[in-house]
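For reference, the chains in residue letters:
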Amino acid sequence: MTSSTKTLDGGWGWAIVAASFMAQLLSFGSPQSVGVLYPEWLHTYQESKAMTAWVGSLVGGVGLIASPICSACVDNFGARPVTIFSGVMVAGGLMLSAFAPNVQFLIFSYGIVVGLGCGLVYAATLTITCQYFDKRRGLALGIVTTGTSVGAFIYATAQNELIVLYGLDGCLLIIGAIALNLMACSGFMRPLNMPGYYIKQKAALERNTEEQLFMKPPFDDLKIAVGSATTAPEKPLTVKELLITIDSKDLTIQTEKKEGPLAGLAIMKAIKKKHKAYCKYMQSLYEILQDQEMVAFCIAIFLFSLGAFPPVLFIEDVAQSEGLIEEVSIIPLVSIGAISTCIGKLALGIIVDFKWINGVYLYAFTMFAGGLALLLIPITKSYIGLQILTAILGFFSGNWSLTSYITTKIVGLDRLTQAHGILMFFGGFGIMLGPPVVGWFFDWTQSYDLAFYFSGSCVLLGAFILFLLSLPCWNRKSSENNKPEVQYTCTCEKVASVA
């Protein structure tokens, strides 16, 4: 225990930060700048805007919706194997998208495959960084998570130039080849704690080797060993075979020595233990959703994702549809929004640390300002005005850095993981629905005006709900009804951003 604590907050941890930063840059660079690819897909496949928008919405939402599964994979197998596997998924999905014959295939290859790969990278990089940092965890995760914004800034310009030089297919092939460097990033992710899958294997291996060394072998085995010389070389292979198959035979090994009713009792005991843990987990989720402020925050996250994510996908097409620009500029609007989001994450993270700042109200204010920017987009008739609104919206979209801080203040540090998983589910659901809804509005009205009025109204509604349900008067009423023992305190003053 002491050796592991000495390695925290420095040393190899900064190599982990650098590798995680590059991993998020390589994986999220193309999905975060998908707005550059969207007009090309519209021109290539000649599908409706609503149908084509599913590609960008899925690549942004699938990873968040599947975050509990991704986190379970990291807990069981470790950050390094998961990052290697995610590198294959992201690179393979991008390369496969170069040969997509239609949008439906692109929805699978780019939206689902690349989206799940990004979700695995996201969970792996955050988990390994949290293991290596304690006091400086906020700074470390702040550096790591800016990799998505820096990647979007770089990839937006790079993909634009690659499309001009090599076409859409060549661009996706090159970007997919670059994504293979995720495997190199995984090499730096040396595990500080042994993952659960290997702990089970090691425990089972030690148990069975002790049985072989100290227990008397069965009489039948002795007869076979004496009577047949050919079976002797196969004895050392038992341990290797056990290492591979122990996970599926773990319960069988535990009940081999018990006969009749005793074996059934052992199985029933194991089932009851699993059922008890499952019931405890579901009870914890139920208690989290009983908190009125937490429910309001979930609704706000959903409405903000529903309204604020579509500009990332549609903003370039908005400029071209309104005749504000002929083609994508040297510095695309997506790049402007990405670098503004990066600045917003750092600035809002610093502001929320002030003691006199209420994190929930700060988040509601960012939603209010972002909603106003969305409502002004249809009124803007110049490209410079669109650039300014994109920068403003990108800055306030950096409020994702406040999610963990606010969640910890609401439910406590002990339930941060579960509560954050719920929030990411709502956020991913909103991201997945937002672009198709905006595309459907355009197909219906042949204009983006009504779509952005709808998006801005959703964000403003979320800000109003969050502010109203978080007023102190509600907290006083709920505190009177709560039992004294059901209170969660947190000694952590600063909670890192995870978005």
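Report follows, based on the coordinates.

**Quick notes on the overall build of the chain**
The number of helices and strands found in the chain is 22 helices and 0 strands. Looking at the chain as a whole, 48% of its 499 residues are labelled buried. Considering only residue pairs separated by 6 or more positions, the chain has 84% of its internal contacts joining residues 24 or more positions apart. Of the roughly 24,800 Å² of accessible surface on the chain, 67% is carried by carbon and sulfur atoms.

**A short note on the side chain of Ser-20**
Tracing the backbone through its elements, the reader meets Ser-20 in helix α2 (residues 12–32). Leave out the neighbours within four places in its chain, and Ser-20 touches Thr-125, Ile-128, Thr-129, Val-144 and Met-189.

**Quick look at the nonpolar core**
Trp-41, Tyr-110 and Tyr-363 are the most contacted members of the largest nonpolar core, which totals 116 residues. Sorting elements by how many residues they give to this core places helix α7 (residues 103–132) first, with 15 residues. Setting aside residues up to four positions removed in sequence, Tyr-363 forms contacts with Phe-297, Ile-301, Phe-304, Asn-399, Leu-402, Thr-403, Ile-406 and Leu-466. Core analysis: the next-biggest nonpolar cluster, separate from the first, contains 5 residues, Leu-303, Leu-306, Cys-458 and Ile-465 among them.

**A word on unusual backbone geometry**
For residues that are not glycine, phi is negative in most cases, and the peptide bond is trans in most cases. We note that Gln-46 has phi near 55°; this positive angle belongs to a residue other than glycine. Topologically, Gln-46 is positioned in the loop between α3 (34–45) and α4 (49–65). Phi at Gln-446 takes a positive value of approximately 60°, unusual for a residue other than glycine. Along the chain, the position of Gln-446 falls in the loop between α20 (416–445) and α21 (449–469).

**Considering the packing of aromatic side chains**
One pass over the structure, following the stated rule, counts 17 aromatic pairs. The interplanar angle of 25° and the centroid separation of 6.2 Å between the aromatic rings of Trp-12 and Phe-188 together place this pair among those described as stacked. With a gap of 176 residues between them, Trp-12 in helix α2 and Phe-188 in the loop between α9 (182–186) and α10 (196–214) connect regions that are remote in the sequence. Take Phe-188: its relative accessible area is 41%, and that puts it in the partly exposed class. Aromatic pair Tyr-361 and Phe-467: ring centres 5.5 Å apart, planes at 50°, arrangement tilted.

**Concerning a nonpolar patch on the surface**
Nonpolar side chains collect at one region of the surface, where Leu-376, Ile-379, Trp-440, Trp-444, Leu-450 and Tyr-453 lie side by side and expose about 650 Å² of accessible area between them. Of all elements in the fold, only α20 and α21 reach the threshold of two or more residues within the nonpolar patch. Structurally, Leu-450 is set in helix α21.

**Looking at the packing of helix α5 (residues 67–77) against α7**
Interaxial distance between α5 and α7 falls to 9 Å at its minimum, and their mutual angle equals 50°. In terms of orientation, α5 and α7 fall into the oblique class. Between α5 and α7 the crossing geometry is right-handed. Of the residues in α7, those in contact with Cys-70, Ser-71, Cys-73 and Val-74 of α5 are Gly-119, Leu-120, Ala-123, Ala-124 and Thr-127. Split by residue class, the contact of α5 with α7 holds 6 nonpolar, 3 polar and no charged.

**Here's the deal with α3**
Each α-helix winds once per 3.6 residues, and so residues spaced three or four apart point in a common direction. For α3, which comprises 12 residues, the first-to-last C-alpha distance of 16 Å matches the rise-based estimate of 16 Å (1.5 Å per residue) to within 8%. In terms of residue burial, α3 counts as a mostly covered element, since 9 of its 12 residues are buried. All buried positions along α3 are accounted for by Val-34, Gly-35, Val-36, Leu-37, Tyr-38, Pro-39, Trp-41, Leu-42 and Tyr-45. Immediately downstream of α3, the backbone of Gln-46 shows phi near 55°, a positive value.

**With respect to the environment of Asp-169**
One can find Asp-169 in helix α8 (residues 137–179). Spatially, the C-alpha atom of Asp-169 lies 8.4 Å from that of Met-95, the residues being 74 residues apart in sequence.

**With respect to the environment of Thr-408**
Considering the arrangement of structural elements, one finds Thr-408 in helix α19 (residues 403–411). Take Thr-408: its relative accessible area is 4%, and that puts it in the buried class. Between the C-alpha atom of Thr-408 and that of Ala-419, which follows or precedes it by 11 residues, the distance is 8.7 Å.

**Let's talk about the packing of α5 against helix α6 (residues 79–97)**
Relative orientation of the contacting elements α5 and α6 amounts to 130°, with a least axis distance of 7 Å. Classified by the interaxial angle, the pair formed by α5 and α6 is oblique. Along the contact surface, α5 presents Cys-73, Val-74 and Phe-77, while α6 presents Ala-79, Pro-81 and Val-82. In terms of residue class, the contact of α5 with α6 is built from 6 nonpolar, no polar and no charged.

**Here we look at the side chain of Ser-97**
Relative to the helices and strands, Ser-97 resides in helix α6. Residue Ser-97 is classed as buried on the basis of its relative accessible area, which comes to 1%. When neighbours within four sequence positions are excluded, Ser-97 is seen to be in contact with Tyr-45, Leu-106, Ser-109, Tyr-110 and Leu-172.

**Digging into the environment of Ser-109**
The topology assignment puts Ser-109 in helix α7. Here Ser-109 falls in the buried class, since its relative accessible area comes to 0%. Separated by 19 residues in the primary sequence, Ser-109 and Val-90 place their C-alpha atoms 9.4 Å from one another.

The rules we used
Residues numbered from 1 in each chain as written. Predicted model: local features only at pLDDT ≥ 70, side-chain atom pairs only at ≥ 80, totals over all residues. Heavy atoms only, no water. Helix = DSSP H or I, 4+ residues; strand = E, 2+ residues; numbered from the N terminus. Buried < 20%, exposed > 50% of the residue type's maximum accessible area, 1.4 Å probe, protein only. Contact = heavy atoms within 4.5 Å. Areas by Shrake-Rupley, 256 points an atom, 1.4 Å probe, with all protein chains shown as cover. Core = buried A, V, L, I, M, F, W, Y, C linked by side-chain atoms within 4.5 Å. Phe/Tyr/Trp six-rings, centres within 6.5 Å; stacked < 30°, edge-to-face > 60°. Patch = residues over 30% accessible without salt bridge, like charges linked within 9 Å, V, L, I, M, F, W, Y side chains within 5 Å. Salt bridge = Lys/Arg side-chain N within 4 Å of Asp/Glu carboxyl O. Axes fitted to C-alpha atoms, helices over the stretch in contact; angles between N-to-C directions. Parallel < 35°, antiparallel > 145°, perpendicular 65-115°, else oblique. Left-handed = near helix turned anticlockwise from the far one by under 90°. Nonpolar A, V, L, I, M, F, W, Y, C, P; charged D, E, K, R; others polar. Expected span 1.5 Å × (residues − 1).

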